[in-house]
Each structure stands twice: as structure tokens, then as C-alpha cells.
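What the coordinates show
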Amino acid sequence: MKVWQFSEQAYHPAFDVPGSMRVTLSARHCDPAVAGTLLNRYLDEYVLADELGYGIMVNEHHAAATCMSTSCMTTLAILARQTRYARLLALGIPIANRSNPIRVAEEIAMVDVLSGGRLEVGMVKGAAYEVFMSNRQPARFNERFWEAHELIVEALRNTGDNFSWDSEHYQYRAVSLWPRPLQQPTPPIWMTASSPYSSIEHAKLDYTCATFLSGAVARSVFEGYRKAYLEAHGRVAPDKRLAYLGVVATAGDRKTAFQRAEQMKVYFTTAARLDAQFRNPPGFNPVKANVKMMQAGPNAIRPRLRSGAPLPSDPTIEQYIDAGLMFVGTPDDVYAQIKQFYADVGGFGNLLMMGQAGTLSHADTVDNLTTFAKHVLPRLQELSVDAPDVRYEAFA
Amino acid sequence: MSTEAAPADFLSQAKFVEIQGLKLELVIKGHGPPLLFLHGMDGVEGCARIIDLLARDFTVYAPSHPGFGASELPRPFSSIDDLAYFYLDFLDHFDLNEVTMVGFSLGGWIAAEILVKDSSRVSKLVLGAPLGLRTQEKRAIQVADLFMIDPKQMDATLQVTPARNGTLGALPEPMLERIARNAEAVALFGWSPYLYNPKLHLRLHRIRVPAVLLWGEEDRLAPLGYAKTFATKLRHGRLETLAACGHRIYVDCPEAAAARIVNFEPAKPQLRSVP
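Residues numbered from 1 in each chain as written. Chains lettered and ligands numbered in written order. Predicted model: local features only at pLDDT ≥ 70, side-chain atom pairs only at ≥ 80, totals over all residues. Heavy atoms only, no water.

**Observations concerning the overall build of chain B**
Across its full length, chain B carries 10 helices and 10 strands. Taking 275 residues into account, the globule formula puts the C-alpha radius of gyration at 19 Å, and chain B, at 17 Å, falls close to it. Split into buried and exposed, the 275 residues of chain B put 55% on the buried side. In chain B, of all internal contacts separated by at least 6 residues, the share reaching a separation of at least 24 is 79%. Accessible area for chain B stands at about 11,400 Å²; split by element, carbon and sulfur atoms hold 51% of it. Charge centroids of chain B, computed over 29 positive and 31 negative side chains, lie 6 Å from each other. (Helix = DSSP H or I, 4+ residues; strand = E, 2+ residues; numbered from the N terminus. Rg over C-alpha atoms; globule rule 2.2 N^0.38 Å. Buried < 20%, exposed > 50% of the residue type's maximum accessible area, 1.4 Å probe, protein only. Contact = heavy atoms within 4.5 Å. Areas by Shrake-Rupley, 256 points an atom, 1.4 Å probe, with all protein chains shown as cover. Lys, Arg positive; Asp, Glu negative; His and termini not counted. Charge placed at Lys NZ, Arg CZ, Asp CG, Glu CD.)

**Overview of the overall build of chain A**
Summing up its helical and strand segments, chain A has 13 helices and 11 strands in all. Relative to a compact globule of 396 residues, whose C-alpha radius of gyration would be 21 Å, chain A shows 20 Å and is just as compact. In chain A, which comprises 396 residues, the share counted as buried stands at 56%. Expressed as a percentage of contacts within chain A between residues at least 6 apart in sequence, the contacts between residues at least 24 apart total 74%. Summed over all atoms, the accessible surface of chain A reaches about 16,400 Å², with 52% contributed by carbon and sulfur. Side chains of chain A give 39 positive and 40 negative charges; the mean places of these two sets differ by 2 Å.

**Focus on unusual backbone geometry**
A:Pro179 follows A:Trp178 through a cis peptide bond whose omega is -5 degrees. Tracing the backbone through its elements, the reader meets A:Pro179 in the loop between strand S6 (171-175) and strand S7 (189-192). Of the consecutive residues B:Ser192 and B:Pro193, the connecting peptide bond is found in the cis state with omega at -5 degrees. Locating B:Pro193 in the fold gives a position in the loop between helix H6 (173-190) and strand S9 (211-216). Positive phi, normally seen in glycine, also occurs at A:Ala63, with a value near 55 degrees. Residue A:Ala63 is classed as partly exposed on the basis of its relative accessible area, which comes to 38%.

**Brief notes about the pattern of salt bridges**
One pass over the structure, following the stated rule, counts 31 salt bridges over all chains. Notably, a salt bridge pairs A:Asp367 with A:Arg260, separated by 2.9 Å at the nearest N-O pair. With A:Asp367 in helix H12 (residues 362-375) and A:Arg260 in helix H8 (residues 254-271), the pair connects residues that are 107 residues apart, well separated along the chain. Under the relative-accessibility criterion, A:Asp367 is labelled partly exposed at 30%. Note that B:Glu45 is salt-bridged to B:Arg178, the shortest N-O span being 3.0 Å. Residue B:Glu45 is located in the loop between strand S3 (34-38) and helix H2 (48-54), and its partner B:Arg178 is located in helix H6; the two are separated by 133 residues in the primary sequence. One network of salt bridges, in which partners are shared, links A:Asp206, A:Arg235 and A:Arg241. (Salt bridge = Lys/Arg side-chain N within 4 Å of Asp/Glu carboxyl O.)

**Quick look at the sheet that holds strand S6 (residues 122-128) of chain B**
Residues and elements named next belong to chain B. Pairing within the open sheet is mixed, and its eight strands lie in the order S1-S2-S4-S3-S5-S6-S9-S10. Of all the strands in the sheet, the pair left with one neighbour each is strand S1 (15-19) and strand S10 (237-242). This sheet shows a mean twist of 25 degrees between the axes of neighbouring strands, independent of strand direction. Here S3 runs beside strand S5 (residues 99-104); their pairing, made up of four bridges, is parallel. (Pairing = 2+ DSSP bridges. Axes fitted to C-alpha atoms, helices over the stretch in contact; angles between N-to-C directions.)

**Here we look at the packing of helix H1 (residues 32-52) of chain A against helix H2 (residues 72-82) of chain A**
All names here are of chain A. As a packed pair, H1 and H2 sit with axes 11 Å apart at the nearest point and diverge in direction by 45 degrees. With respect to each other, H1 and H2 are oriented oblique. Remark: the crossing between H1 and H2 carries right-handed chirality. Two secondary-structure elements touch here, H1 through Leu43, Tyr46 and Val47 and H2 through Thr75, Ile78, Leu79 and Gln82. A breakdown of the residues in the contact of H1 with H2 according to their chemical character gives five nonpolar, two polar and no charged. (Parallel < 35°, antiparallel > 145°, perpendicular 65-115°, else oblique. Left-handed = near helix turned anticlockwise from the far one by under 90°. Nonpolar A, V, L, I, M, F, W, Y, C, P; charged D, E, K, R; others polar.)

**Structural notes on the side chain of A:Gln356**
All names here are of chain A. Within the secondary structure layout, Gln356 lies in the loop between strand S11 (350-354) and H12. For Gln356, a relative accessible area of 1% corresponds to the buried category. One polar contact links Gln356 to Ser7, side chain to side chain, over a distance of 2.8 Å. In terms of polar contacts, Gln356 uses its side chain to reach the backbone carbonyl oxygen of Leu360, at 3.0 Å. Sequence-distant contacts of Gln356, defined by excluding residues within four places in its chain, comprise Gln5, Phe6, Ser7, Arg41, Tyr42, Glu45, Met264 and Thr365. (Polar contact = N/O pair within 3.5 Å; in protein donor to acceptor, adjacent residues only side chain to side chain.)

**Regarding empty space enclosed by the protein**
Tallied over the entire structure, the rule returns two cavities of 30 Å³ or more. Reported here for the largest cavity is a volume of approximately 40 Å³. Looking at the largest cavity, the residues that line it are A:Glu8, A:Gln9, A:Ala10, A:Phe15, A:Thr66, A:Tyr267, A:Thr270, A:Met354, A:Gln356, A:Ala357 and A:Gly358. Within the lining of the largest cavity, the residues separate by chemical class into five nonpolar, five polar and one charged. Considered as a void within the structure, the second largest cavity measures approximately 30 Å³ in volume. As for the second largest cavity, its lining consists of B:Met41, B:Asp42, B:Ser105, B:Leu158, B:His247, B:Arg248 and B:Tyr250. (1 Å grid on protein atoms, 1.4 Å probe; cavity = no way out; pocket = protein on both sides within 12 Å on 5 of 7 lines; lining within 4 Å. Points joined across faces, edges and corners; volume = space filled by probe spheres on them.)

**Details of the interface of chain A and chain B**
Note on interface size: it is often stated as the accessible area lost on association of the parts. Facing the 21 residues of chain A at the interface are 24 residues of chain B. When chain A packs against chain B, the two sides together hide about 2,000 Å² of surface, and 62% of this comes from carbon and sulfur. Inspection of the chain A/chain B interface yields one salt bridge. For A:Glu168, the salt bridge is made with B:Arg75, and the minimal N-O distance between the two is 3.0 Å. At the boundary of chain A and chain B, one finds 11 residue pairs in polar contact (both at pLDDT 80 or more). (Buried area = accessible area lost by both parts, 1.4 Å probe.)

**So, the side chain of B:His247**
Residues and elements named next belong to chain B. By the element assignment, His247 lies in the loop between S10 and helix H8 (249-252). Look at His247 and you get buried, because its relative accessible area is 1%. A distance of 2.8 Å separates the side chain of His247 from the side chain of Asp219, its partner in a polar contact. Beyond its immediate chain neighbours, meaning those up to four positions away, His247 contacts Met41, Ser105, Ala129, Leu131, Leu158, Asp219 and Leu221.

**Some points on the nonpolar core**
Nonpolar side chains in soluble globular proteins tend to end up buried together. Ranked by size, the top nonpolar core spans 216 residues in total, and within it A:Phe372 and B:Phe37 carry the most contacts. For A:Phe372, the contacting residues outside a window of four places in its chain are A:Val3, A:Tyr54, A:Val248, A:Thr250, A:Val334, A:Ile338, A:Leu351, A:Met353, A:Leu377, A:Pro378 and A:Leu380. Formed by 12 residues, the second largest nonpolar core is a distinct cluster that contains A:Ala10, A:Phe15, A:Ala35 and A:Ala65. (Core = buried A, V, L, I, M, F, W, Y, C linked by side-chain atoms within 4.5 Å.)

**Topic: the packing of aromatic side chains**
Tallying each qualifying case throughout the model produces 28 aromatic pairs over all chains. Summarising the aromatic geometry, the rings of A:Tyr54 and A:Phe372 are spaced 6.3 Å apart at their centres and angled 25 degrees between planes, so their arrangement reads as stacked. On the criterion of sequence distance, the pair formed by A:Tyr54 in the loop between H1 and strand S2 (55-58) and A:Phe372 in helix H12 is long-range, its members being 318 residues apart. Residue classification places A:Phe372 among the buried positions, given a relative accessible area of 0%. Centroid distance A:Phe132 to B:Trp191: 5.3 Å. Interplanar angle 70 degrees. Geometry classified as edge-to-face. (Phe/Tyr/Trp six-rings, centres within 6.5 Å; stacked < 30°, edge-to-face > 60°.)

This is the structure in C-alpha cells:
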């Protein structure tokens, strides 16, 4: 199993400001000097992750104290120079919110050549609320996503003459990538899914499919992917095509690990602070999905405990572990939890590890990453070598 | 959903008609001269009460706009112009003449967009708190942004009448589907520019039929200042306000609004001067 270090690069001093952490939080709460210090610190942690044998994952959000990385590619352009070994994963670029897909392709190509072909590219729909920042049309969002995707891939893999392009949302007279990407035909492409249906297209395209903090749902996402993959390609989907994102807090002793987990838990409570009108702009989701959401009410999207009950609104660390959102404890504990989760969901080849989250300090992050790299990472190599013996029945 | 008449009863009167290949949900009711009723953002069912009142004096044609209610939304439709041209086909389809055109809110915008293109089948126009003119100038907001409002505050922003509370999820599935489709259609036609057409103000003078603008004095979405801009751009229009009335005129004062529509008698010579 490959493990990727990930941090949302939060501006955590703003967590004390009452109210929403996204969209409406005024920028006056941001001290730019503090922001600079924090961003440099998170980059230092990524550089450490490179030395410790992790892959590196960055994301982006907008108008949010919970995530200061406003451009995957800006962050990765720095890390392309400052790291030597790590695969560099952008997960991801919200392409349907970008007004200029060719600019996206250019940045992908530039970081790929800068890094010596270490880039991996996630093209994502992104959080629903981000259409309020991009101001792109929420209706038919999905259609625009695939239109942008097609154009970006065409641009990346083009080795023939320059071409012109005209589709519903995008028109270009001359598509010509200088530089073009080092990895051919394109850097490896990732997408995210949160249901078995949304993973089908990813399987057909042979893209890596990641699911974030979804607990038991990961099993159905991966199942959907594997089924579609087998149908499309006539072979079993390799584990390396599947990824799960969870929070990891470890330390030499359980007490310290749980203290770290408490600080990282703040990620969940702050990310949830978003006003209702921004959660699901009209048209962003299909009508049928919106009807289901209205019928199910607010509990519908809560992750589940192993008992099947929804995760409570302010869960304990034990409940987060139970739901598969956090892996916490000594290296032995964490290894056992990951191994169990791996079996529960039918296996996956990539652990996207939030090794820093919430208010976790630099010193604690360094120790968290180092301890995991020394005592857990090597043991995970034995997972994901072949199709696992899956105990689906054990997972309600 | 804020309607006086039960939406299900009202909608049971709806039929489907195919116009230029588009399956349209349409209520036709009443007797008298033709009236085309163009509903606002909450769908034709939101206007049930005033449609019933108007049906006493008119043959009311009350469609669900393409994308709203149960009306189809052709994939190429993406702007208010598409709706305006569609309604010109609608008037041709039924061969309606001397039509009284009534539009509220978003429907008022659609009515204006129809008539700047062709007003030959229409004799009178009633715009109830129409949108469509510039809603913001740089940082100066003229029309509140509904997409930025807490859903719990939505009814209080749009109407003076207290909203009936109920659990959304308990509504029958077809009603939930209508709510979701109506909301999506508002986004499709009004997300950005926010509920306006930057060219409409250059074209409003082309509306050559007599018009009346009805406006709620307590419209918290598009206040009276916005109404006055509309009135000055409309060559043959006058502004009439309604007391104790918000943006949803059809919810807050359907009787008063219906009476203004029924009694709207423009000077005949002006009417006949329409080219």
C-alpha cells in the first residue's frame, strides 16, 4: 500500500471566530504574516514527508479558513523543486469551476516537467459551495465537468498538430501546450467518488478512484468500481486504482496519540461550519438526488458507525475510529485498524493520510509522520499485494 | 411552497401540450379574452390563487415554464431568450390575439423579453415586480441575492404573509421533484448575470403595448427603487404600488392584484396605435 501525506493547510487561528469557516468568513480575520508562516510550515512538513517515503497529496479550496491552498498547482510547483522522490498528487483541480481548461492543462504540463514526471492529477467536481466563488453555473455542472475533462486530456495527450476546439462552454483557436507533459500520454489521472454509481465512469477510464472520509460507504464505492472495471477491461481492477482518505494520529503511546487525535478532530468540526444555503446550490446535484436529500433530511449524509447508526454530531475519537474516519493509537493500534478497514472495504492500494489536520502543531505533525513512517508504513507493504480475502459480511 | 389553494388540486387541472417538440405542462381555465400568465420562481403552483381569480374574467393560459414543474427542458435551453422565443411559438400555436400578458417576478422578466421581440399578438401587459434589469452595479446591490439567503429566511424575504411551516421531506415525491426542478431552473436562467439580461434596458422601449407595473410596497427582494428604473425604461407603462405587499404579490395580495389586472383599461387610441 502506498501512503500519501495530506494536510488541508488550515488557517487554524481563525477557528475561534464564531460562525461559518467558509464562504462568508471575512478575510479581515486573516493575518497574512501568520498565513505565510503557516503555509511555509505545511510545506516543510511535505518536504519531510518526501524524505520519509510518503507520496504527497495537496488539495485546494476557496474562501475558507479550513484550507489555505487555493491552487493545487501553485503548491505543487513549489514541491516539484523542493522534493526529490515523492509522487505529487493534486486531488484535485475543480475543473468545472475553472473558466479556462487549457490553463489547467498548461499548469499540469509545467509541474510534470518541473518534477521530472512525478505528477498525478485529480480532476474533481469539488465542494458544492465553491460555485459561489467561481460563479460558474451550478446547473448542468456534471456535463461541464466532463466537457472540461475531455478538452484537458486532449490537450495533454496531443502530439500531433495544434488543434482548435469548439464545444458548448469552451472555444479555442489554437491549443498548443508548451511545455507538454513528460508523462505520456498523460500523468496518471485520479477522480473522486462517494457512491458506487459515481465510480463507474472512473473505472471505465482506468483512472484511480478515491473516496474521502466515507467510512463504510468506501466498500460500495470500491465494489462499484471493481465491477465496472471488470466489465470494461476484462480484468480485475488492481488495488492501486483505489484510494481511501482518513485521518491518522499515532505516537509511541496511546495517550499521546489520542491527544493528537483530539486536535486533528477539529478538522471535522470546522469543515462542517458552513451556512445551509451554500451546501447544495440548486442544480449542482441532479433532481433525483435532491429529492432523496429532501426526503432523508440532514442525517442522510452522515457517515455510519459499524452498528449502522449515524455518526453523532460531535463524535468521540473512538466513534471516529469505529466509523473508519480516523486511525488512532500506537503504531500497532493504527496498523490493526487500517488492516481491519482494508479487509472491511475489500482492499485498496492508496491510503491518503491526513497526517496533519485541525490544530495539530508542527512538532506533533513531525512526530506523527515520523512514527508512522518508521513503524506502520513498512508493515502496510504486505497489504494490497493481491485480491484480499474479504469479510464483507462483517461490515453492516 | 406558499399557496392559498392546495397545489395538488390546482395541478390536477394541468394538461400537456406539445409545442415545437417541447412537452409543456399547461393549465387552461376560465372564460373570456385570452390571458397568458407567466409564473414566478416558485412555479405555476405558487400562483394558483391569483390564476383562479383571473379565470373569472379571462381564459387563462398558465403554463409551467420549460424546466419548471413538469414541463420539459430541452438541452439547448440555457437563457431567458430561449423561454421568450418559446412563448412566441406558444402564442402562434394557440393563435392567440389581443392577449393580456401577465408576468410576476421571473415571469415578468420573461414577459418583457417576449415583447421586446414581438408584441403583435398582445394588447395589454401587466408586470408584477418583474426582474430582468441590472440587479447590481459594481458593489451596489439593488436586488437581494436569493442564492445567498438562508433557506429559512427565504419566505420572509419574498412575502409579507407568514409562511406555513411544514417538513419539506414529508411532501409527496412529485411535489419534491417540482421544488427541485423549479430551483434548478431558476439557477439555470438566473445564476449569472443574477436574474437580469444586460441588454434588456436597451430594448424595453420596443414594448409598444400599454403596460402597468404592479409593485409591493414591502418588496424586500427588489425594492421600489428598482421598480422606478423599470418604469422609466418602459415607454407606455405606469407604476402602481400595493400596500402591505412583498415580492410575491400573488401570495400577499392576489385579490387586489387580480382586480388591477381585470380593471386595467388603457386608453384605446394608444392601444390601436400599435404597429
